[in-house]
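Survey of secondary and tertiary structure
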Amino acid sequence: MTPAPAPAPAPREASGDGERRPDHGPRTNNFRDGGRRPRGGRGRGGNSRPGRASRDIRRILRRPGGPSSGAPQKRVEDYSPAAPTENIVRVIPLGGVEEVGRNMFVVETNGDIFVFDAGFQFTSEDESPGVDYILPNTRYLEENQDRVRAVFITHGHLDHIGGIPFLMARFGNPPIYTQNLSAVMIMKRQEEYPDMPKPNIVVVEAGSTHTIGHTKVHFFPVTHSIPDSMGISVETPYGNVIVTGDLKVEHIDNVPVPEEEKKWSALGAQNNLLFIADSTSSEIDGFSVPEQKVRDTLEDIIKTVKGRLIIGTFASQFDRMVNIIRIAEKYNKKIVMEGRSIKTNLEIAQKVGLLTLDKGTVIPAQEMGDYPPDKIVILATGAQGEEFAALMRIATKQHKSITFNDRDTVVLSSSVIPGNELSVQKLKDNLLRSGVNLLHYRSSDVHSGGHARSAELVWINKKVNAKFFMPAYGYYSMTASHAKAVEQGGRAKDTIVIADNGMVIDIVDGERLDIHKQKVPSSPLIVDGFSIGDMQEVVIRDRQMLAKDGMFVVIATVNLKTGKLRKSPDIISRGFVYLRESQDMLNQARLLIKKTVEDSTQGMNPIDLDYVKNTLSDTLAGFLFTRTNKAPMVIPVLIGV
Ligand SMILES: [Zn+2]
């Protein structure tokens with residue numbers, strides 16, 4: 001891949017146009033169709049294109065004081081329900097039920113609000129170009145801050161802790177209850193955000209019960225791909241609300257092991273009102289691949305591999321990482337760590353006592369040459385095809401001390417996170433081009449997800465036996481198939497709620513569900529470079545527009561006395577059409593610019609350049625769209641002399 005030449009810098013004046021549009025800022029009606037952004041972004045089919053483009057044109061044409069502006073409409077987003085009465089247990093998913101990531105649930109009882117997890121989600125370039133990641137919307141918590149008693153963190157994965165540095169201060173930085181490893185991970189991450197308030201962490205043990213506010217809360221251990229994962233049971237006057245966090249069931253040949261049996265039976269023996277459980281792998285039938293099987297497969301590979309072995313995994317898969325290191329030590333192999341997150345998490349694993357390393361097991365990459373290749377195991381980040389992670393850099397020959405050769409074996413010990421398919425494909429292609437022997441989870445049992453599959457989910461659901469059930473954590477297809485599975489497993493359909501983000505679910509008298517017609521704000525907060533805020537629709541839309549149809553800049557000098565142009569206007573465009581082959585259109589555009597400026601300044605005294613600019617961009621946008629069926633961002637720069 002040759003890097004594209006850097007674009008010439010645009011003239012400085014060209015950036016001053018953002019103020020022209022009326023609808024910037026989060027409170028006006030930026031979301032078309034009352035609050036829901038259509039998924040998928042760009043029009044794909046030939047037919048949808050003009051529709052989208054003309055909508056863009058209409059947006060361009062909207063101006064302050066114009067007929068389409070008027071008073072800002074009250075958005076559905078502004079719904080703020082009153083505090084629930086004593087006979088109501090309220091549940092609100094603020095994030096994580098229409099997506100994988102940005103998990104955050106609210107459970108409210110006895111006048112106490114409890115928050116479950118504070119995750120973030122990496123975003124797609126298509127929907128929100130340039131945005132780093134998105135967070136749950138905490139407006140409900142901000143408005144009811146006086147009742148928020150605690151945040152519970154189920155485990156240390158980023159989709160459960162990633163939002164903490166950005167979100168906690170927005171609703172009063174309440175105490176965070178979590179287990180030791182998660183606490184260490186939260187604090188480690190916090191070091192990267194020294195300006196954010198320090199979290200107030202209460203380290204709890206799984207199995208313990210605490211009274212927080214007026215409510216008894218019980219923490220219990222769950223099996224997942226990271227140690228110290230826990231579920232939480234909140235006691236309400238009508239029974240417990242149980243939230244699992246991410247989980248799976250340890251089993252042997254599809255029979256849950258006795259510890260799982262015991263734990264879930266004990267929970268099920270109580271009076272349970274609502275069960276909220278992980279849906280991530282609900283679309284896969286049967287039971288998950290037991291971690292023991294993965295361990296055996298990995299041991300087999302580590303033992304028998306002839307050349308160097310490179311294992312790509314998630315740094316957050318602690319158990320996996322610790323196992324690989326133990327197996328490597330068993331066969332007297334040296335370990336090379338590549339990637340910051342792996343090094344950080346290894347430090348954490350040692351700190352909390354999950355791992356003790358023999359001296360000399362871990363060696364720097366530069367010393368690899370001192371050992372025979374079959375004594376080397378490289379643990380590398382980037383199994384999801386992340387562009388700048390170690391695996392991709394080695395595979396594309398950009399790594400300073402490691403290059404692959406045809407005696408190397410690469411194992412991708414992780415499944416593909418939805419949305420990463422393309423980048424994983426690129427990674428695989430690059431790996432195979434460098435001649436390595438590639439093993440991945442499809443071709444052998446090197447990965448077991450951390451999430452229960454449908455048969456496990458049905459099993460747990462029966463065990464817990466709550467009156468109501470809500471599938472959580474996952475895209476709609478996942479929560480819906482979770483619901484379907486437990487329904488087929490015998491649960492009555494009217495006891496299941498498939499929630500949307502922002503949905504207010506009141507359980508009245510412990511008997512019936514009252515789902516509010518309106519939703520509380522749930523449009524994502526974004527982290528964009530250094531700023532955090534409501535979805536800055538104007539910025540995102542500009543980026544989408546630039547990405548789709550490019551920009552068209554006009555620079556003209558206007559005589560402020562006569563309103564005439566001093567000379568033919570300059571035109572700069574990027575990403576729109578190839579100007580050299582569009583001379584005819586450009587000449588017409590120049591004539592149109594001249595005519596529009598001179599017509600609109602006629603009789604105007606003094607000349608209002610802002611008005612002229614608006615008229616010019618409307619006219620020009622219309623012209624360009626008619627000629628090209630494209631709606632570039634039109635930026636007129638008028639200099640008065
Ligand atoms: Zn997880």
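What counts and how
- Residues numbered from 1 in each chain as written.
- Predicted model: local features only at pLDDT ≥ 70, side-chain atom pairs only at ≥ 80, totals over all residues.
- Helix = DSSP H or I, 4+ residues; strand = E, 2+ residues; numbered from the N terminus.
- Buried ≥ 20, exposed ≤ 12 C-beta atoms within 10 Å, placed from the backbone.
- Contact = placed C-beta atoms within 7 Å.
- Core = buried A, V, L, I, M, F, W, Y, C linked by C-beta atoms within 7 Å.
- Expected span 1.5 Å × (residues − 1).
- Pairing = 2+ DSSP bridges.
- Axes fitted to C-alpha atoms, helices over the stretch in contact; angles between N-to-C directions.
- Parallel < 35°, antiparallel > 145°, perpendicular 65-115°, else oblique.
- Nonpolar A, V, L, I, M, F, W, Y, C, P; charged D, E, K, R; others polar.
- Left-handed = near helix turned anticlockwise from the far one by under 90°.
- Arc of directions from axis to C-beta.
- pLDDT = per-residue confidence, 0-100.
- Right-handed = clockwise from strand over helix to strand, strands pointing away.

Counting its regular elements, the chain contains 17 helices and 28 strands. Burial status across the chain gives 42% buried among its 641 residues. In the chain, the share of contacts with a sequence separation of at least 24, taken over all contacts with a separation of at least 6, comes to 74%.

Attention now moves to the environment of Leu 94. In this structure, Leu 94 sits in strand β1 (residues 88-95). With 28 C-beta atoms counted inside 10 Å, the residue Leu 94 sits in the buried group. A sequence separation of 45 residues divides Leu 94 from Arg 139, and the C-alpha atoms of the two residues are 9.3 Å apart. Discounting chain neighbours no more than four positions away, the residues touching Leu 94 are Met 104, Phe 105, Val 106, Pro 136, Asn 137, Thr 138, Tyr 140, Asn 501, Gly 502 and Ser 522.

A separate point is the nonpolar core. Ranked by internal contacts, the top residues of the largest apolar core, which has 83 residues, are Phe 105, Val 106, Val 115 and Leu 274. Sequence-distant contacts of Phe 105, that is, excluding residues within four places in its chain, are made with Val 91, Pro 93, Leu 94, Phe 116, Asp 117, Val 243, Ile 276 and Ala 472. Counting 41 residues, the second-largest nonpolar core is a separate cluster that includes Phe 314, Ala 328, Phe 404 and Leu 412.

This part is about helix α10 (residues 340-351). With 12 residues, α10 ought to run about 16 Å at 1.5 Å a step, and its terminal C-alpha atoms sit 17 Å apart, in line with that. The secondary structure elements touched by the buried residues of α10 are α9 (318-330), β17 (334-338) and β18 (376-380). Looking one or two residues beyond α10, the residue adopting positive phi is Gly 353, at roughly 80 degrees.

Following Asn 605, the chain continues into Pro 606 via a peptide bond in cis, with omega recorded as 0 degrees. Of note in the backbone geometry, Asn 110 takes a positive phi value of approximately 55 degrees without being a glycine. Assignment of secondary structure puts Asn 110 in the loop between β2 (104-109) and β3 (112-116). C-beta crowding within 10 Å serves as the criterion here: with 18 such atoms nearby, Asn 110 is assigned to the partly exposed category. The phi dihedral of Asp 117 is positive, around 70 degrees, even though this residue is not glycine.

Across the sheet, which stays open at both edges, the 8 strands sit in the order β8-β7-β6-β3-β2-β1-β22-β23 with mixed pairing between neighbours. Strands at the two margins of the open sheet, each flanked by one partner only, are β8 (201-203) and β23 (512-515). Direction aside, the axes of adjacent strands within the sheet are offset by 25 degrees on average. Note that β3 and strand β6 (residues 148-152) share 4 bridges and pair parallel. By the bridge assignment, Ile 113 is partnered in β6 with Val 148. Those strands touched by helix α6 (residues 180-190) are β7 (176-178) and β8, and its axis lies near 155 degrees from that of β8.

The next point concerns the packing of α9 against α10. Interhelical geometry of α9 versus α10 gives an angle of 85 degrees and a closest axis separation of 11 Å. Between α9 and α10, the angle is such that the two are roughly perpendicular. Across the interface between the two elements, Phe 318, Met 321 and Val 322 from α9 touch Asn 345, Leu 346 and Ala 349 from α10. Of the residues belonging to the contact of α9 with α10, the class tally is 5 nonpolar, 1 polar and no charged.

Looking now at the packing of helix α13 (residues 454-464) against helix α14 (residues 476-488). Close contact between α13 and α14 brings their axes to 9 Å; oriented N to C, the two are set at 60 degrees. In terms of axis orientation, α13 runs oblique to α14. For the element pair α13 and α14, the recorded crossing hand is right-handed. Counted together, Ser 454, Leu 457, Val 458 and Asn 461 of α13 and His 482, Ala 485 and Val 486 of α14 form the full contact between these two elements. Here the residues of the contact of α13 with α14 are counted per class, giving 4 nonpolar, 3 polar and no charged.

In this section: the environment of Val 520. Structurally, Val 520 can be placed in the loop between β23 and β24 (525-528). Expressed as a C-alpha distance, the spacing of Val 520 and Pro 81, which sit 439 residues apart in the sequence, is 7.7 Å.

What follows deals with the sheet that holds strand β26 (residues 551-558). The sheet built from 3 strands is open, its strands ordered β27-β26-β28 with mixed pairing. Strands with a single pairing partner mark the edges of an open sheet, and in this sheet they are β27 (570-574) and β28 (633-640). The mean angle between the axes of side-by-side strands here comes to 15 degrees, regardless of whether they run parallel or antiparallel. Packing of helix α16 (residues 583-601) onto the sheet brings it into contact with β26 and β27, and relative to β26 it is tilted by some 50 degrees. Lying on the sheet, helix α17 (residues 609-628) is in contact with β26 and β28; it crosses β28 at an angle near 145 degrees.

Residue placement: Gly 339 occurs in the loop between β17 and α10. Separated by 52 residues in the primary sequence, Gly 339 and Leu 391 have C-alpha atoms spaced 8.7 Å apart.

Take helix α12 (residues 421-433) next. Given a rise of 1.5 Å per residue, 13 residues ought to cover 18 Å, and the 18 Å separating the end C-alpha atoms of α12 matches this to within 8%. For α12, the set of buried residues is Val 424, Leu 427 and Leu 431. When α12 is viewed along its axis, its buried side chains cluster within an angular range of 55 degrees and face the same direction. Of the exposed residues in α12, the ones pointing more than 90 degrees away from its buried face are Glu 421, Leu 422, Gln 425, Asp 429 and Arg 433.

Confidence in the prediction of the chain, expressed as mean pLDDT, is 83, and 83% of residues score 70 or more. Residue range residues 1-76 is modelled with pLDDT below 50. Its contacts to residues more than four positions away, or to other chains, number 68 contacts.

So, about the pairing of β17. For β17 and β18, the ladder comprises 5 bridges, and the chain directions are parallel. Bridging from a neighbouring strand, Lys 334 pairs with Ile 376 of β18. Handedness of the crossover joining β17 and β18 through α10 is recorded here as left-handed.

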